[in-house]
Amino acid sequence: MSSLIALGAGGAATVTSAYLLVGIRGNNKINVAPEHIPYWSFGIGVMSANAGTAFQQLSGIGNQLGASFQGNQALGEWQTGATAALLTIAVFGLKPKPWKDVICGAVAPSLYASAGGFWAIPASVLSGLINSFIG
């Protein structure tokens, strides 16, 4: 066994996605509070970077989001850090909504990593910790 729980990145992303899906519904024994959804989906986004092709599309969405703002001439000069800040404000500044928080939380790690600098710290630190536990 090369890790603590030996799930693998794809297995961990699938298990966490199932836990989040069951917990959001709230009718079962697992209950995920709406304010915790961004954190769960951020973890899914971190694990999906090393998972199979089914999950690797999440990082592509984050990169396309940043590129769509950068390519807009009406906004002027726009860097990926501005997109990361906008995404963070959307998650923590608006009322918790499961659909919004799941999407924003899952694409945030790839967007933070591509922004670099201060934004890359949470994604890289958590990625290292999570991958050391799941294998």
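Use the structure listed above.
Residue numbering note: each chain is counted from 1, following its sequence as written. Only residues with pLDDT of at least 70 get local features here, since the model is predicted, and only at 80 or more are side-chain atom pairs given and counted; chain-wide, interface and lining totals rely on the full set of residues. Neither water nor hydrogens contribute to the side-chain values; these are computed over all heavy atoms in the structure.

Asks: I would appreciate a short explanation of the pattern of salt bridges in the present structure.
Replies: Any two side chains of opposite charge can pair, given that their charged atoms come close. Salt bridge, as used here, is a side-chain nitrogen of Lys or Arg placed within 4 Å of a carboxyl oxygen of Asp or Glu. Applying the stated criterion across every chain yields a total of one salt bridge. Notably, a salt bridge pairs Asp101 with Lys100, separated by 2.6 Å at the nearest N-O pair. Accessibility classification places Asp101 together with Lys100 in one group, the buried group. Burial here depends on accessible area, computed with a 1.4 Å probe over protein chains only, as a share of the maximum for the residue type. Under 20% is buried, over 50% is exposed, and the range in between is partly exposed.

Asks: Just checking my understanding: could you explain the layout of surface pockets for this structure?
Replies: The probe, sized like a water molecule, is rolled over the atoms to show the empty space still left. Put simply, the largest pocket is a space of about 160 Å³. Helix numbering and strand numbering both begin at the N terminus, where a helix is a DSSP run of H or I of at least 4 residues and a strand a DSSP run of E of at least 2. Those elements that provide at least two residues to the lining of the largest pocket are helix H2 (37–48), helix H4 (80–93) and helix H5 (98–115). When its residues are assigned to classes, the lining of the largest pocket shows nine nonpolar, two polar and no charged. Cavities and pockets are found on a 1 Å grid laid over the protein atoms alone: a cavity is a set of points where a 1.4 Å probe fits but cannot escape, a pocket is an open set with protein on both sides within 12 Å along at least five of seven lines, and a lining residue has an atom within 4 Å of such a point. Grid points are joined across faces, edges and corners, and a volume is the space filled by probe spheres set on the points. In this classification, the charged set is Asp, Glu, Lys and Arg, the nonpolar set is Ala, Val, Leu, Ile, Met, Phe, Trp, Tyr, Cys and Pro, and all remaining amino acids, among them Gly, are polar.

Asks: Whenever I open this one, the packing of helix H1 (residues 9–25) against H2 confuses me. Can you help?
Replies: Helix-helix packing is described using two parameters, namely the angle between the two axes and the distance between the axes. Two numbers describe how H1 lies on H2: the axes approach to 9 Å, and their chain directions differ by 160 degrees. Taken together, the axes of H1 and H2 are roughly antiparallel relative to one another. As H1 runs across H2, the sense of the crossing is left-handed. Taken together, the residues of H2 that come into contact with H1 (itself represented by Ala9, Ala12, Ala13, Thr16, Ser17, Tyr19, Leu20 and Ile24) are Ile37, Trp40, Ser41, Ile44 and Met47. When its residues are assigned to classes, the contact of H1 with H2 shows 10 nonpolar, three polar and no charged. Axes here refer to lines fitted to C-alpha atoms; in helices the fit is confined to the stretch in contact. Angles between the N-to-C directions go from 0 to 180 degrees. Angles are sorted into four bins: roughly parallel if under 35 degrees, roughly antiparallel if over 145, roughly perpendicular if 65 to 115, and oblique for all others. The sense of a crossing depends on the near helix, which, turned anticlockwise from the far helix by less than a right angle, makes the crossing left-handed and, turned clockwise, makes it right-handed. Contacts are assigned to residue pairs that have any heavy atoms within 4.5 Å of one another.

Asks: Which parts of the structure should I look at to understand H5?
Replies: Since the α-helix turns once every 3.6 residues, residues separated by three or four places project in the same direction. Here the expected span of a helix is defined as 1.5 Å times the quantity of residues minus one. An ideal rise of 1.5 Å per residue puts 26 Å on 18 residues; H5 measures up with 25 Å between its terminal C-alpha atoms. Taken residue by residue, H5 has Lys100, Asp101, Cys104, Gly105, Ala106, Val107, Ala108, Pro109, Ser110, Leu111 and Tyr112 as its buried positions. After H5 finishes, the residue Gly116 shows a positive phi value of roughly 70 degrees.

Asks: How should the packing of aromatic side chains be read in this particular structure?
Replies: For any pair of aromatic rings, geometry is given as the distance between the ring centres together with the angle between the planes. Under the pairing criterion, centres of Phe, Tyr and Trp rings, with the six-membered ring standing for Trp, must be within 6.5 Å; the plane angle then separates stacked pairs below 30 degrees from edge-to-face pairs above 60, leaving the rest tilted. Counted according to the given criterion, the structure contains six aromatic pairs. Here the aromatic rings of Phe42 and Tyr112 are separated by 6.0 Å at their centres, their planes lie at 45 degrees, and the arrangement is tilted. Of the two residues, Phe42 sits in helix H2 while Tyr112 sits in helix H5, which places them 70 residues apart along the sequence. Each of the two residues, Phe42 as well as Tyr112, counts as buried. Relative to Trp119, the ring of Tyr112 has its centre 5.3 Å away and its plane inclined at 35 degrees; by these criteria the two rings are tilted. Tyr112 gets classed as buried once you look at its relative accessible area, which sits at 9%. What makes Trp119 partly exposed here is its relative accessible area of 22%. By the ring-pair criterion, three or more aromatic residues cluster together here, those being Phe42, Tyr112, Phe118 and Trp119.

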